[in-house]
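These are the residues of each chain, in order.
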Amino acid sequence: FDVASRLRPTWPEPFSRTAWTLATCADPSQRNPAQAVAAGLRAAELSGYGDPSVLDNLATAHAEAGEADSAIALWTRAVELAARLGNASLVRSVTARLEAYKTKVRDEGSDKGSLRRF
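Figured I'd write up the structure that's included with this text. In this text the structure is predicted, and so the values were computed from the model without any measurement.

How two helices sit against one another is set out by the angle between their axes and by the gap between those axes. One way to put it is that helix α5 (residues 68–84) packs onto helix α6 (residues 88–108) with a least axis distance of 9 Å and a crossing angle of 160°. With respect to α6, the axis of α5 lies roughly antiparallel. By crossing handedness, the relation of α5 to α6 is classed as left-handed. Counting all contacts with α5, which are made through Ala-68, Ala-71, Ile-72, Trp-75, Thr-76, Ala-78, Val-79, Ala-82 and Ala-83, the residues of α6 involved are Leu-90, Val-91, Val-94, Thr-95, Arg-97, Leu-98, Tyr-101 and Lys-102. For the contact of α5 with α6, the residue count by class is 13 nonpolar, 2 polar and 2 charged.

Glancing now at the pattern of salt bridges. Summed over all chains, the structure comprises 7 salt bridges. Residue Arg-97 pairs with Asp-56 through a salt bridge whose shortest N-O separation is 2.5 Å. Within this pair, whereas Arg-97 is found in helix α6, its partner Asp-56 is found in helix α4 (residues 52–64), the two being separated by 41 residues in sequence. The exposure classification of Arg-97 matches that of Asp-56, with both residues buried. One salt bridge in this structure joins Lys-102 and Glu-99, with 3.8 Å as the shortest N-O distance. Placement of the pair is Lys-102 and Glu-99 together in helix α6, with a separation of 3 residues, close to one helical turn.

With glycine set apart, most residues show a phi of negative sign, and most peptide bonds adopt trans. A positive phi is found at Tyr-49, a non-glycine position, where the angle reads about 55°. As for its placement among the helices and strands, Tyr-49 is situated in the loop between α3 (33–46) and α4. The exposure class of Tyr-49 is partly exposed, given its relative accessible area of 36%.

Core analysis: the largest hydrophobic core is formed by 20 residues, its most contacted members being Leu-55, Trp-75, Val-94 and Tyr-101. Counting residues per element, this core draws most heavily on α5, which supplies 8 residues. Beyond its immediate sequence surroundings of up to four residues, Val-94 is in contact with Asp-56, Trp-75, Ala-78 and Val-79. The next biggest cluster of nonpolar side chains, apart from the first, holds 6 residues, and it includes Leu-22, Ala-23, Ala-36 and Ala-61.

Turning our attention to the environment of Ser-47. When you line up the elements, Ser-47 lands in the loop between α3 and α4. If we ignore the near neighbours within four places in the chain, the residues touching Ser-47 are Pro-12 and Val-54.

Definitions and limits used
Residues numbered from 1 in each chain as written. Predicted model: local features only at pLDDT ≥ 70, side-chain atom pairs only at ≥ 80, totals over all residues. Heavy atoms only, no water. Axes fitted to C-alpha atoms, helices over the stretch in contact; angles between N-to-C directions. Helix = DSSP H or I, 4+ residues; strand = E, 2+ residues; numbered from the N terminus. Parallel < 35°, antiparallel > 145°, perpendicular 65-115°, else oblique. Left-handed = near helix turned anticlockwise from the far one by under 90°. Contact = heavy atoms within 4.5 Å. Nonpolar A, V, L, I, M, F, W, Y, C, P; charged D, E, K, R; others polar. Salt bridge = Lys/Arg side-chain N within 4 Å of Asp/Glu carboxyl O. Buried < 20%, exposed > 50% of the residue type's maximum accessible area, 1.4 Å probe, protein only. Core = buried A, V, L, I, M, F, W, Y, C linked by side-chain atoms within 4.5 Å.

Below is the structure:
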């Protein structure tokens, strides 16, 4: 993703995928929530905040960084955009992540923790 983002610095996809990878890597030592949020923000900016997949990945990065309010707001926006675009599959997957995260925050009283299972 690093090479792709250098070759096409105005393309949001490599930044978005980097955000997801840094937020959800199976190896916790490879996760970097701060860098995930930075990459996700860049992707969102490049997409004009209009790509629900990009917003989903950015929300996941915020959640991994412990920023519940931002994560929930972005997932909610991603669901709205995906619905408007008629992408039912994405609506279902993002809604599932959103609801699972809300439950986790409510039940654990914490917004920290791995999102890998989502």
